[in-house]
Amino acid sequence: MWAIASGIEGNLRAYEAVLADVPRRSRVVVTVDRLFVLGDVIGWGARSQGAMNDRLIERLVTPRPGELLPEVCLGLWEERCLSLYALGPEAGAADLVERWGAAAVEGLWRSVSRSAVEWMRSLDLAVVELDCLLAHGSAVGVEDCLTPQTPPWLWLDRLGRVQARRLFCGRSGLAFRYDLVEGRGDDRLRTLEGTRSRPMMLQGLWGVGVGTVGRIPGLATYCCYDPGRDRVTWHQVAYDDGPES
Amino acid sequence: MKRAILSCIHGNLEAFDAVLLDLERQGAEAIHCLGDLVGYGPYPNEVVERVRSLAIPTVQGCWDEDIVEGLNACECSYPSLLAERRGRLAHRWTDGVLTADNRAFLAQLPESLAVETAAGRLVFVHGSPSSAHEYLLAEMDAFMALERVLGAGADVLFCGHTHIPYARSLDGIQLRTVIAEAPDPQSIPGDAPPVDHTVTVPVRHLINAGSVGEPRHGRPHATYVLFDDESGAVELREVPYAVDKTCAAILERGLPMIFAWRLAKGLDYAERAEDASHVCAR
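From a predicted model like this one, the values you see are computed outputs, not experimental measurements.

What counts and what doesn't
- Residues numbered from 1 in each chain as written.
- Chains lettered and ligands numbered in written order.
- Predicted model: local features only at pLDDT ≥ 70, side-chain atom pairs only at ≥ 80, totals over all residues.
- Helix = DSSP H or I, 4+ residues; strand = E, 2+ residues; numbered from the N terminus.
- Buried ≥ 20, exposed ≤ 12 C-beta atoms within 10 Å, placed from the backbone.
- Contact = placed C-beta atoms within 7 Å.
- Nonpolar A, V, L, I, M, F, W, Y, C, P; charged D, E, K, R; others polar.
- Pairing = 2+ DSSP bridges.
- Arc of directions from axis to C-beta.
- Axes fitted to C-alpha atoms, helices over the stretch in contact; angles between N-to-C directions.
- Parallel < 35°, antiparallel > 145°, perpendicular 65-115°, else oblique.
- Left-handed = near helix turned anticlockwise from the far one by under 90°.
- Core = buried A, V, L, I, M, F, W, Y, C linked by C-beta atoms within 7 Å.
- pLDDT = per-residue confidence, 0-100.

### Considering the overall build of chain A
Then comes step 1: Each helix and strand counted, chain A has seven helices and ten strands in total.
Then comes step 2: Referenced to the eigenvectors of the C-alpha coordinate spread, the extents of chain A come out at roughly 70 × 50 × 30 Å.
Then comes step 3: Within chain A, buried positions represent 45% of all 245 residues.
Then comes step 4: Considering only intrachain contacts with a sequence separation of at least 6, the fraction spanning at least 24 residues in chain A is 69%.

Have a look at this one:
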């Protein structure tokens, strides 16, 4: 069974709460043997101001005995941070400046060490495992925000691009399951050589919003997926969000 | 109104003139061009000047973009190293002969154009609505093709880039979804009943105009499409022209002989996209 989380956003306490909760999801016949973190490990919230970013990365890459080593994908915050170091697709982080101000840009830049930046550079955009795509946004990019309101044809495109049947994403921070139960249509193609017709059919595809670990004060949400039984469950863990003692 | 949609002229003036003559004979009242006016062919300036003189609404193709912004060396635009090497040669030659005026014209071309008609909203792009470098191949997954058309807000989406014409219709589409979401941030899916919904999509069309100047369907003839925006009728046109003249000009003007050979065969020759769903990272 896989535990899948996203959106820690520099909230170390929330992440610790999830790590403590994950072993409880194991049962006699199936244990949680993989932990995925779908991006946004670091963040810049009004509360944290990035204070824990470096510690969080260190906590991720050096699990304690008995803990799973998380498999981490690139998230939007990581991409923004890399852009500040001229290592991302675009220079700077204009949306960050607009929302949080220029001080936030410098603060985010200072909140991660050089080794943390190198670690973020090594992150993949997505993981494809069995027939599942796991990504912060999608295979299109970290900014791709899939939600319950996303039209079904867009979900089909995001699944079809990597020929996946399941898509786990964290960009929205929402917990949901989007079942593409069935689809049909008629596909007619005419070329210079002739015409062919065939039915369009799909069945049993779905997308999952895994929730957010660090965005909601005092409550972390993540999900577990059992690939053997093709079953997903969500879990919420309360944690102390008070000031550091 | 009968509209002629052309694409991928690639500096082939002979082919372009033959198509212009043909579409006039067919009674076309409007012309649209899906870009790639230059590249590989021996008459880039002449083709651009012909388009400008006829005021043909034109979108920017990947070659037009590369000539303006510099060659996109990303291998995603080429399916092989051989194709990339040849592309670089063609780019360098075209870059050397294109006038500043014509370059400026290519620079101001839009990424897409749209027209409202009785047949619905017609949208014109070079590759796909999201990228001039994306190939919308004839046999791409039907639901992904549907997403490209709907994503563009089109009833009919015209594209080029693949150099092989086709007309595809996607009809009778129904998609059923069941969505379970957490009713609030403190809840999880399952705390509220899921929503079962079926959406019906009216017929959509994806039409590829082929290539005027560098066809890849196995014959050297220029291709384009005619579209009747009242009846919705589509005609894939194939137009013979004096290929040997273009081949001779390729050699006279110092372009690689392989371009003339390939043109005479109507082959794609290592330029076929290997992955229909692949999009250039740029």
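Having seen the model, we can carry on.
### Section: the interface of chain A and chain B
Then comes step 1: Taken residue by residue, the interface counts 34 residues in chain A and 35 residues in chain B.
Then comes step 2: Residue assignment for the side of chain A that touches chain B shows that the elements contributing at least two residues are α7 (152–160), β7 (175–191), β8 (194–210), β9 (219–226) and β10 (231–238) of chain A.
Then comes step 3: Of the residues that constitute the side of chain A that touches chain B, the class distribution is 18 nonpolar, six polar and ten charged.

### Some details on the sheet that holds β9 of chain A
Residue and element names in this part refer to chain A.
Then comes step 1: Strands sit in the order β3-β2-β1-β9-β10 across an open sheet of five strands; the sheet is mixed. Since the sheet does not close on itself, it has two edges, and those belong to β3 (71–72) and β10, each with one partner.
Then comes step 2: Two elements, strand β1 (residues 2–5) and strand β2 (residues 34–37), share four bridges in a ladder whose sense is parallel. Each bridged residue has a counterpart across the sheet, and for W2 the counterpart in β2 is R34.

### Focus: helix α2 (residues 44–54) of chain B
Residues and elements named next belong to chain B.
Then comes step 1: Residues of α2 that are buried: P44, V47, V48 and V51. Taken end-on, α2 shows its buried residues confined to a sector of 95°, consistent with a single buried face. Of the exposed residues in α2, the ones pointing more than 90 degrees away from its buried face are S53 and L54.
Then comes step 2: In this structure, the buried side of α2 is in contact with α1 (13–25), β2 (30–33), α4 (81–97) and α5 (100–107).
Then comes step 3: Of the residues trailing α2, A55 is marked for its positive phi of about 50°.

### Concerning the packing of α2 of chain B against α5 of chain B
Residues and elements named next belong to chain B.
Then comes step 1: In the contact formed by α2 and α5, the axes pass within 10 Å of each other and the chain directions differ by 60°. Here α2 lies oblique to α5, going by the angle between them. Helix-helix and strand crossings are classified by hand; for α2 and α5 the assignment is left-handed. Judged by residue contacts, N45, V48, E49 and R52 of α2 engage N102, F105 and L106 from α5.
Then comes step 2: Residues belonging to the contact of α2 with α5 are distributed by class as follows: three nonpolar, two polar and two charged.

### A short note on unusual backbone geometry
Then comes step 1: One non-glycine residue, L130 of chain A, lies in the positive phi region at around 55°.
Then comes step 2: With respect to the element layout, L130 of chain A can be found in the loop between β4 (126–129) and β5 (132–135).
Then comes step 3: Non-glycine residue D36 of chain B carries a positive phi angle of around 60°.
Then comes step 4: For D36 of chain B, the location among the structural elements is in the loop between β2 and α2.

### So, the nonpolar core
Here is a general trend for soluble globular proteins: nonpolar side chains tend to be buried in one another's company.
Then comes step 1: One finds I4 of chain A together with L6 and F158 of chain B to be the most contacted residues of the largest nonpolar core, which totals 146 residues.
Then comes step 2: In contact with F158 of chain B, other than residues within four places in its own chain, are I5, L34, L122, V123, F124, I207 and A209 of chain B.

### Regarding the environment of M257 of chain B
Residues and elements named next belong to chain B.
Then comes step 1: Inspection of the secondary structure assignment puts M257 in helix α8 (residues 257–265).
Then comes step 2: Judged by the 10 C-beta atoms lying within 10 Å of it, M257 is exposed.
Then comes step 3: Remark: the alpha-carbon pair of M257 and Y40, spanning 217 residues in sequence, is separated by 11 Å.

### Quick look at the environment of I4 of chain A
Then comes step 1: Positionally, I4 of chain A belongs in strand β1.
Then comes step 2: For the pair formed by I4 of chain A and V210 of chain A, sequence separation is 206 residues and the distance between their alpha carbons is 6.7 Å.

### Brief notes about the confidence of the model for chain B
All names here are of chain B.
Then comes step 1: Scored by pLDDT, chain B comes out at a mean of 90, with 91% of its residues at no less than 70.
Then comes step 2: Every residue in residues 278–282 is under pLDDT 50, and counting partners more than four places away or in other chains gives 14 contacts.
Then comes step 3: Across the whole predicted complex the pTM is 0.89, and at the interface the ipTM reaches 0.90.

### Quick look at the sheet that holds β2 of chain B
Sheet strands line up and pair through hydrogen bonds in the backbone, either parallel or antiparallel.
Residues and elements named next belong to chain B.
Then comes step 1: Spatial strand order, β2-β1-β9-β10: four strands in an open sheet with mixed pairing. The sheet is open, and its two borders are formed by β2 and β10 (234–239), each paired with just one other strand. Strand-to-strand twist in this sheet, taken as the mean axis angle between neighbours without regard to direction, amounts to 25°.
Then comes step 2: One ladder, built from four bridges, connects strand β1 (residues 2–6) with β2; its direction is parallel. Bridge pairing links L6 to C33 in β2.

### Quick word on the packing of helix α7 (residues 243–252) of chain B against α8 of chain B
Residue and element names in this part refer to chain B.
Then comes step 1: Relative orientation of the contacting elements α7 and α8 amounts to 170°, with a least axis distance of 8 Å. Viewed along their axes, α7 and α8 adopt a mutual orientation that is roughly antiparallel. Where α7 approaches α8, its residues V243, T246, C247, I250 and L251 are matched on the opposing element by M257, F259, A260, L263 and A264.
Then comes step 2: Here the residues of the contact of α7 with α8 sort into nine nonpolar, one polar and no charged.

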